[in-house]
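Each chain, written out:
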Amino acid sequence: MPKVSVILPVYGVAQYIAKCTDSLLNQTLDDLEIFFVDDHGPDNSMEIAQQRVAGHPRAAEFHFIKTPQNMGAGMARNYAIEQATGEYIAFVDSDDWIEPTMFEDLYNRAKQFDADICYGQGIQDFSDGRASNILKNPEMAEGPISHDSRAYFLSHYVSYFWTFLYKRSLVMDKNIRYPEERCADDSYFVACALFTAQTAAHVDKVYYHYLIRENSVVTTKNPTKYLKRLTVFSKLLTYAKQNGVYDEFKKEIDFLYVKKGYLLSSFNYIMNVDQPTTAELKRIQNEAETLVPNYRANAYVKGSKSTGCTDWLLRNLPSIAIRLVPIYVKRTGMLV
């Protein structure tokens, strides 16, 4: 059994995939299983990766597979999950790159605690060479995950899914897969893992380099993106309920929905639609109130000035919110 199965969806990354491939070839952990998943891209990305691997001593660890048709990154990852045989699963985006010791360090730490999940840290890189702040996960105590530790991680939730190793048995037993909507599928996956993992470990080092490029999926305007995000976070509430964690962590999961589902979907709508309307903002609010009744009384919502103020602005001054949100997004560099 390979120690780690690494899964990379490949689509339109010819300019970046050589660096990504080299970072995998240079991993210090032995016995990897690496899946490049061709998602019917428009360029020669796969050929470039295959050329970098050909003749290398680690070539046998690399598997080049192809989806039946273009499925999007999340479903392409699902396609490879079904073929993975490693003890752990990891995900890398094919325009990013990783430090040489990433999988060795995380795997060894995970084995020390028999962890279901083990994470490191990341950093944002920009295509012009700039580097931004470290993408740091909330700290979770190592070993068995306590109620307080899980609550803290969920209430400070971020979706740096590629900084994690996930035990494959957890992914399979708990049926953790990426949703078909091509939006927030990474948030869904890592949240499901956080809901159901029983043990955790981490290494407080930067291993993953997350590239921000102008024409990437996360920076391309999409007028239906907000609808897909709402659907994904509705599914996340359902997953939590079906797996028996919602009642215990209702405050944290509802807060996660408010921030990542309702508020960020509102921002998505304003930023991605040519002429946003106050009526549609109201409809988004009504959906949030239906799924998470009385969310404004949530202790985390009440305790977060930014969340509370953003909610108040969208509810009470939606026309002003439509004008202010683009200014805020531009000044902060927020990805919506």
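A few points on the structure. By convention here, each chain's residues receive numbers from 1 onward along its written sequence. Reporting in this predicted model follows two pLDDT cut-offs: at least 70 for local features of residues, and 80 or more for side-chain atom pairs to be given and counted; totals over whole chains, interfaces and linings ignore these cut-offs and use all residues. By convention in this description, side-chain values take in all heavy atoms of the structure and omit both hydrogens and water.

Take the overall build of the protein chain next. Here a helix means four or more residues in a row that DSSP labels H or I, a strand means two or more in a row labelled E, and each is numbered from the N terminus. Regarding its fold elements, the protein chain presents 13 helices and 10 strands. For the protein chain, the C-alpha radius of gyration of 20 Å lies close to 20 Å, the compact-globule estimate for 336 residues. The principal-axis extents of the C-alpha atoms in the protein chain amount to approximately 65 × 45 × 35 Å. When accessible area is computed with a 1.4 Å probe and restricted to protein chains, residues below 20% of their type maximum are described as buried, those above 50% as exposed, and intermediate ones as partly exposed. Evaluated residue by residue, the protein chain yields a buried proportion of 54% over its 336 residues. Taking as baseline every contact in the protein chain between residues at least 6 positions apart, the subset at least 24 positions apart corresponds to 79%. Areas reported here follow the Shrake-Rupley algorithm with a probe of radius 1.4 Å; residue values treat only the protein chains shown as occluding. Just so you have it, the protein chain exposes about 14,800 Å², and 51% of that area is on carbon and sulfur atoms. Just so you know, the count uses Lys and Arg for positive and Asp and Glu for negative, and it drops His and the chain ends. In plain terms, the charge of a residue is placed at NZ if it is Lys, CZ if Arg, CG if Asp and CD if Glu. Averaging the positions of the 37 positive and the 40 negative side-chain charges in the protein chain gives two centres separated by 7 Å. The globule rule used here is 2.2 Å times the number of residues to the 0.38 power, and the radius of gyration it is set against is calculated over C-alpha atoms. Residues count as neighbours in contact if any of their non-hydrogen atoms are within 4.5 Å of one another.

To continue, consider helix H7 (residues 185-196). In an α-helix there are 3.6 residues to a turn, and that puts residues three or four apart on one side. What a helix should span is 1.5 Å times the count of its residues minus one. Taking 1.5 Å per residue, 12 residues should reach 16 Å; H7 reaches 17 Å between its end C-alpha atoms and fits that length. The buried fraction of H7 is high, at 12 of 12 residues. Restricting attention to buried positions, one finds in H7 the residues Asp185, Asp186, Ser187, Tyr188, Phe189, Val190, Ala191, Cys192, Ala193, Leu194, Phe195 and Thr196.

This part covers the pairing of strand E4 (residues 88-91). Burial of E4 is two-sided: the residues Tyr88 and Ala90 facing one way and the residues Ile89 and Phe91 facing the other way are all buried. Strands were regarded as paired on the criterion that DSSP finds at least two bridges between them. Inspection of the sheet shows strand E1 (residues 4-10) paired to E4 by 4 bridges, in the parallel sense. When the bridges of E4 are listed, Val4 appears paired with Tyr88. Note: E4 against strand E9 (residues 164-167), 2 bridges, orientation antiparallel. Bridged to Ile89 within E9 is Tyr166.

Further remarks concern unusual backbone geometry. Phi is positive for His40, which is not a glycine, with a value near 60°. Its place among the elements puts His40 in the loop between strand E2 (32-38) and helix H2 (45-53).

Here we come to the packing of aromatic side chains. Two rings from Phe, Tyr or Trp (for Trp, the six-membered ring) form a pair when their centres are within 6.5 Å of each other. A pair whose planes differ by under 30 degrees is stacked, one over 60 is edge-to-face, and the rest are tilted. Within the structure shown, the criterion is met by 23 aromatic pairs. Their ring planes at 90° and their centres at 5.3 Å tell us that Phe91 and Tyr178 sit as a pair that is edge-to-face. Taken as a pair, Phe91 in strand E4 and Tyr178 in the loop between helix H6 (168-173) and H7 lie far apart in primary sequence, 87 residues in all. There is no split in this pair, since Phe91 and Tyr178 are both buried. Considering the side-chain rings of Tyr119 and Phe153, the 5.9 Å spacing of their centres and the 75° angle between planes classify their relative orientation as edge-to-face. Here the residue Tyr119 occupies a position in strand E6 (residues 117-126), and Phe153 occupies one in helix H5 (residues 147-155), the gap between them amounting to 34 residues. Comparing Tyr119 with Phe153 shows no difference in burial state: the two are buried. Among the aromatic residues, ring-to-ring pairing joins Phe91, Tyr119, Phe153, Tyr160, Phe161, Trp162, Phe164, Tyr166, Tyr178, Phe189, Tyr208 and Tyr210 into one connected group. The aromatic ring of Tyr178 is capped on one face by Arg77, whose charged end is 5.0 Å from the ring centroid. Only when the NZ atom of a Lys or the CZ atom of an Arg is both within 6 Å of the ring centre and within 35 degrees of the ring normal do we say a charge sits over the ring. The positively charged end of Lys241 is found above the aromatic ring belonging to Tyr246, 4.9 Å away from the centroid.

Moving on: the side chain of His209. By secondary structure assignment, the location of His209 is in strand E10 (residues 199-212). For the purposes of these results, a polar contact is taken to be a pair of N or O atoms within 3.5 Å, where, inside protein, one atom must be able to donate a hydrogen and its partner to accept one; residues adjacent in sequence count only when each atom of the pair is a side-chain atom. Only 3.0 Å separates the side chain of His209 from the side chain of Asp125, close enough to count as a polar contact.

Bringing the side chain of Thr196 into the picture now. Summarising the element assignment, Thr196 is placed in helix H7. For Thr196, the side chain forms a polar contact with the main-chain oxygen of Cys192, separated by 2.8 Å. With residues near it in sequence (within four places) discarded, Thr196 still touches Arg150, Leu170, Lys174, Ile176, Tyr239 and Asn243.

Any link to function would need more than the numbers given here.
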